[in-house]
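Coordinate inspection notes
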Amino acid sequence: MEARTVFACLAFISSFFAAAALFTWAFSGVRQRVIAGRAHAGTMPHQGLVASALRNGIPQIMPVAHMLLANKKVEHFFTCAQQVAAIRSYMTTPQALCSLCCAGVLFVAAAAAALTASVVLGLLVAFGLVLALGFMVAQVLEKRREALREAIPDALRSMSVCSHAGFSLLQTFQQVAKEADEPLRSLFLTAVHDLETGRTVSEALEAFRKNADVSELAFVAVALDIQHRAGGSLKQVLEAARDAVESELNLKRSLRVQTAQAKLSARIVSVMPFVLITIFSLLSPGFLTPFFGSLLGIVLLGLAASMQLAGIYLVRRLLDVKVD
């Protein structure tokens, strides 16, 4: 094996993992502590080149970003990415994120193609980068939802105690906001802000339900709204909601444990073909060239890629067990 090939392989792998580590540092994880009064005044925007790029995007690529965002799935992905940036207190828009993503993917594809002298491998690496970004965004949002779910029973217990003490709904939300950790604290602070600024209880609870983005809090918001309109004991409503939420959480924990091994296996099997093709192409230049020598080779390569994507989609659907 030539020394240049070995060096190129090591340089490519190092740059790929460095880029992945940088993205993880910038966008992964949920902030454990935020500035007090976040819902009232918002967080102070970050300064610097990264913050400026996230706010403004790349103007030259904005037309392409607008075209891509016309697709509902693409728009949903970058809306989720915007939520991830908001968790890290970065101000951005789906259009700006889409333009940055397009520029990054094009740069990585060009660099990989130039490094390996293979356009196909460059496109393959770019596709793998897109999948990695999607996975990371989904993981961050899922961790945030799990943190919300785990904090709900304690919040409901605190609300029940406040109700027994004769607190109003506004006072109850204020007390829970003081005791809760992020990200639940921000949701209750937002609801407190809505109530203090003159919105009705129904409007504040509806906004609370939409901002929560988890079914357990949506159930609590609906229960509180019904109790506010129809009357009755708030303590009984909260205790019933807590029992229902705890039962649902126990079921989800059980499902998560039972499907953990299958999900890990599915991820490895899904990623391994792309990793192997990348390694073989780096170690053996022109590895994929025979496929493009005839129409049959192109058809077989397209069929293999379609089957791989279909397999990933089916496995994800099978393992995506939802408890509603």
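Our subject is the structure listed above.
Quick caveat: nothing in here was measured; it's all calculated off a predicted structure.

**Looking at the overall build of the protein**
Across its full length, the protein holds 13 helices and zero strands. When the elements of the protein are put in sequence order from the N terminus, they spell out α-α-α-α-α-α-α-α-α-α-α-α-α. Counting only residues that meet the buried cut, the protein has 35% of its 324 residues in that class. Restricting to contacts in the protein with at least 6 residues of sequence separation, those with at least 24 account for 72%. With the model as given, the accessible surface of the protein reaches about 19,000 Å², and the carbon-plus-sulfur share is 66%.

**Focus on helix α10 (residues 201–212)**
Here α10 contains 12 residues, and its C-alpha end-to-end distance of 16 Å stays within 8% of the 16 Å for a straight helix at 1.5 Å per residue. Of the positions making up α10, those classed as buried are Val201, Ala204, Leu205, Ala207, Phe208 and Ala212. End-on view of α10: buried residues confined to an arc of 160°, all on one side of the axis. Buried positions along α10 lie against α7 (119–164), α8 (169–179), α9 (184–196) and α11 (215–230). Of the residues trailing α10, Asp213 is marked for its positive phi of about 60°.

**What about the packing of α7 against α8?**
Where α7 contacts α8, the two axes come as close as 9 Å, and the packing angle between them is 140°. Regarding the angle of α7 to α8, the classification is oblique. Viewed along their axes, α7 and α8 form a crossing whose handedness is right-handed. Contacts between α7 and α8 involve Ala155, Ser158, Met159 and Cys162 from the former and Thr172, Phe173, Gln175, Val176 and Glu179 from the latter. Class assignment of the residues belonging to the contact of α7 with α8 gives a composition of five nonpolar, three polar and one charged.

**Examining the packing of helix α5 (residues 72–87) against α7**
Two elements in contact, α5 and α7, have axes whose closest approach is 10 Å; the angle formed by their N-to-C orientations is 55°. As summarised for this structure, α5 and α7 are arranged oblique, according to the angle between their axes. Considering only the axes of α5 and α7, their crossing is left-handed. On α7, the residues that touch Phe77, Cys80, Ala81, Gln83, Val84 and Ile87 of α5 are Leu133, Gly134, Val137, Val140, Leu141 and Arg144. For the contact of α5 with α7, the per-class residue count stands at nine nonpolar, two polar and one charged.

**As for the nonpolar core**
For soluble globular proteins, nonpolar side chains are generally found buried alongside one another. Core analysis: the biggest nonpolar cluster contains 32 residues, and Leu156, Met159, Phe173, Leu184, Phe188, Leu217 and Leu224 have the highest contact counts within it. Broken down by secondary-structure element, the contributors of at least two residues to this core are α7, α8, α9, α10, α11 and α12 (234–283). Looking at this core, the element that brings in the most residues is α9, giving seven residues. Not counting residues up to four positions away in its chain, the partners in contact with Phe188 are Ala155, Met159, Phe173, Val176, Ala177 and Phe208. By size, the runner-up hydrophobic cluster in this structure holds 25 residues, among which are Ala51, Leu69, Phe78 and Val137.

The rules behind the values
Residues numbered from 1 in each chain as written. Predicted model: local features only at pLDDT ≥ 70, side-chain atom pairs only at ≥ 80, totals over all residues. Heavy atoms only, no water. Helix = DSSP H or I, 4+ residues; strand = E, 2+ residues; numbered from the N terminus. Buried < 20%, exposed > 50% of the residue type's maximum accessible area, 1.4 Å probe, protein only. Contact = heavy atoms within 4.5 Å. Areas by Shrake-Rupley, 256 points an atom, 1.4 Å probe, with all protein chains shown as cover. Expected span 1.5 Å × (residues − 1). Arc of directions from axis to C-beta. Axes fitted to C-alpha atoms, helices over the stretch in contact; angles between N-to-C directions. Parallel < 35°, antiparallel > 145°, perpendicular 65-115°, else oblique. Left-handed = near helix turned anticlockwise from the far one by under 90°. Nonpolar A, V, L, I, M, F, W, Y, C, P; charged D, E, K, R; others polar. Core = buried A, V, L, I, M, F, W, Y, C linked by side-chain atoms within 4.5 Å.

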